[in-house]
Amino acid sequence: GAAPRPAPAAGSGPAAGGAPAAAAASDEPSLSLQQFGFRPSIFTRKGGRLVLNGRRLLFQPELAAASRLDACECAARALRLALALDEAEPLSSPRLVAFLDAASSLKAVRLDGLDEEQKLAFFLNVYHTMIQHAYSLLGPPSSLLKAISFFNTIAYQVGGDVFTLAELEHNVLRAPSCRPKSFFSKWVLPKSSYSFALTTADYRLNFALSCGSASGLATVPVYQPTLLGAQLDAVASAFLARTVAVSCRSGGGGGGGDAAVALTLPKLFQWYARDFGSGKHAMEGAAVAMEFLRGPERELLRSRLAQEQKPDLEIRYAPFSFACSRLIELEVGRESSGRRISGGGPGG
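Residues numbered from 1 in each chain as written. Predicted model: local features only at pLDDT ≥ 70, side-chain atom pairs only at ≥ 80, totals over all residues. Heavy atoms only, no water.

1. Thoughts on the overall build of the protein
Here's step 1: Within the protein one finds 13 helices and eight strands.
Here's step 2: Considering the protein as a whole, with its 348 residues, one finds that 48% of them fall into the buried category.
Here's step 3: Excluding contacts between residues fewer than 6 apart, the proportion of contacts in the protein whose partners are at least 24 apart in sequence is 74%. (Helix = DSSP H or I, 4+ residues; strand = E, 2+ residues; numbered from the N terminus. Buried < 20%, exposed > 50% of the residue type's maximum accessible area, 1.4 Å probe, protein only. Contact = heavy atoms within 4.5 Å.)

Set out below in structure tokens:
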């Protein structure tokens, strides 16, 4: 990971509680690692974590006040503010200062009273806040090797503990789910454990987690526990509409005829196959995708999956792109279906 440059002198900017010097808009510095990178030795392990939400130190009165705040509301506010930032937000921007303070407040929230839905909404919002925060400072990683370093270095302090993006994804959010079926995963994925990790698997998490990759969605909602089912369904539908392709290989059309059908699924259906069933049959992933598709593609896929003999269906997996971009807020209203689909695929 990139090492932070020396911190600015006391009183020289918002990180020290002071106001930045007046400057013309065109000359004013924007958010940078020099001002807001924070990597104390107590958070360093195996190459080090780069803890980003350290703008404000919280002393006992502030810790006590922050611990009384609603954790889910704190995370939702931090993500809204992160998504509202411009790509080169000036240091004097009130929006930037408000975001950095909101991110700092996550250090003291209490997580011990959250149920599973509240934890899922909370940690999804924290994950996407960390992504947006890191992209504002460093830009997105541009290759697999850079992504490995990036996700195992970028960190937040939350609820009195510290985790990297990789730890949050694989040891908190995906703790009850399968590990990825990848050659590198056993060496590059962290093995940390957290008392607040989720305990109930939900395969929709695969569609909800976004690093802004061109292989998925760069739009994310601000998750709310009371709307969580509807939001996860809406994101799953949008993700699969963008990433799944169903077509007849030769002749035929619609849902009829004997033409073979080609189905292209995103790579995550191969990596996390056991999230969608036993992990032994690609048809399990195809059945999950069908549930969220609409129109002729759904009917064509349904006709093949309903065949009693071996379905005339060729399943391929699209390559994953490490070309990533900043996240954009996705508005998801109450009109979504809100159906709850949990654990291990449609039959789980």
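Next comes the rest of the write-up.
2. Side note on the packing of aromatic side chains
Here's step 1: Here the structure, examined in full by the defined rule, presents 17 aromatic pairs.
Here's step 2: Judged by centre distance (6.3 Å) and plane angle (70 degrees), the rings of F207 and F292 are edge-to-face. Taken together, the residues span a long stretch of sequence, with F207 in helix 9 (residues 205-208) and F292 in helix 12 (residues 282-292) at a distance of 85 residues.
Here's step 3: Assessed through its relative accessible area of 2%, F292 is described here as buried.
Here's step 4: Among the aromatic side chains, those forming a connected cluster through ring pairs are Y203, F207, F239, F269, F276 and F292.
Here's step 5: Directly above the ring of Y272 sits R174, whose terminal nitrogen or CZ lies 3.7 Å from the centroid. (Phe/Tyr/Trp six-rings, centres within 6.5 Å; stacked < 30°, edge-to-face > 60°. Lys NZ or Arg CZ within 6 Å of the ring centre and 35° of its normal.)

3. So, the nonpolar core
Here's step 1: The biggest cluster of nonpolar side chains holds 88 residues, and the ones touching the most others in it are F122, F123, V126, Y156, F163, L173 and F207.
Here's step 2: Broken down by element, this core gets its largest block of residues, 12 residues, from helix 5 (residues 116-138).
Here's step 3: Ignoring sequence-local partners within four residues, the contact set of L173 consists of L120, F123, L124, Y127, L168, L198, L205 and L209. (Core = buried A, V, L, I, M, F, W, Y, C linked by side-chain atoms within 4.5 Å.)

4. Topic: the environment of E284
Here's step 1: Structurally, the position occupied by E284 is in helix 12.
Here's step 2: E284 has contacts with F276, G277, S278 and G279, leaving out every residue within four places of it along the chain.

5. Details of the pairing of strand 2 (residues 154-158)
Here's step 1: When you tally the buried positions in strand 2, you get five out of five residues, the bulk of the element.
Here's step 2: Both strand 2 and strand 3 (residues 161-164) contribute to a ladder of four bridges, which runs antiparallel. In the sheet register, V158 faces strand 3, and the bridge partner there is D161.
Here's step 3: Connecting strand 2 to the antiparallel partner strand 3 that follows it, the hairpin turn spans two residues, and G159 within it adopts a positive phi of roughly 55 degrees. (Pairing = 2+ DSSP bridges.)

6. Considerations on the packing of helix 12 against helix 13 (residues 295-305)
Here's step 1: For the pair helix 12 and helix 13, interaxial distance at closest approach is 10 Å and the crossing angle is 145 degrees. Every pair of crossing elements has a handedness; the one defined by helix 12 and helix 13 is left-handed. Between helix 12 and helix 13, the contacting residues are M283, A286, A287, M290 and E291 on the first element and R298, L301, R302 and L305 on the second.
Here's step 2: A breakdown of the residues in the contact of helix 12 with helix 13 according to their chemical character gives six nonpolar, no polar and three charged. (Axes fitted to C-alpha atoms, helices over the stretch in contact; angles between N-to-C directions. Left-handed = near helix turned anticlockwise from the far one by under 90°. Nonpolar A, V, L, I, M, F, W, Y, C, P; charged D, E, K, R; others polar.)

7. Brief notes about the packing of helix 3 (residues 71-84) against helix 4 (residues 94-105)
Here's step 1: At a closest axis distance of 9 Å, the pairing of helix 3 and helix 4 adopts a crossing angle of 150 degrees. With respect to each other, helix 3 and helix 4 are oriented roughly antiparallel. By crossing handedness, the relation of helix 3 to helix 4 is classed as left-handed. For the pair formed by helix 3 and helix 4, the contact residues are C74, R77, A78, L81, A82 and A84 on the first element and R95, A98, F99, A102, A103 and S105 on the second. (Parallel < 35°, antiparallel > 145°, perpendicular 65-115°, else oblique.)

8. Details of the pattern of salt bridges
Here's step 1: Going through the model one piece at a time under the given rule, you end up with 10 salt bridges.
Here's step 2: For K119, the salt bridge identified is with E116, shortest N-O distance 3.3 Å. One end of the pair is K119 and the other is E116, both in helix 5 and three residues apart, which spans about a single turn.
Here's step 3: What you see here is one network of salt bridges that share partners, running through D86, E89 and R95. (Salt bridge = Lys/Arg side-chain N within 4 Å of Asp/Glu carboxyl O.)

9. Let's talk about helix 7 (residues 165-173)
Here's step 1: Counting buried positions over the nine residues of helix 7 gives nine, a clear majority of the element.
Here's step 2: For helix 7, every residue scored as buried is listed here: L165, A166, E167, L168, E169, H170, N171, V172 and L173.
Here's step 3: For helix 7, the secondary structure elements touched by its buried residues are helix 5, helix 6 (144-151), strand 2, strand 3 and helix 9.

10. Observations regarding the sheet that holds strand 1 (residues 50-51)
Remark on secondary structure: sheet strands pair via backbone hydrogen bonds, oriented parallel or antiparallel.
Here's step 1: Judged by pairing direction, the sheet is mixed, and its three strands sit side by side in the order 1-2-3 without closing on themselves. Looking at the sheet topology across the chains shown, the edges are occupied by strand 1 and strand 3.
Here's step 2: Both strand 1 and strand 2 contribute to a ladder of two bridges, which runs parallel. Residue pairing in the sheet places L50 in a bridge with I154 of strand 2.
Here's step 3: Relative to the sheet, helix 7 contacts strand 2 and strand 3, its axis offset from that of strand 3 by approximately 95 degrees.

11. Overview of the side chain of E167
Here's step 1: Here E167 is to be found in helix 7.
Here's step 2: A distance of 2.6 Å separates polar atoms of two side chains, one belonging to E167 and the other to S192.
Here's step 3: Separated by 3.2 Å, the side chains of E167 and Y194 make a polar contact. (Polar contact = N/O pair within 3.5 Å; in protein donor to acceptor, adjacent residues only side chain to side chain.)

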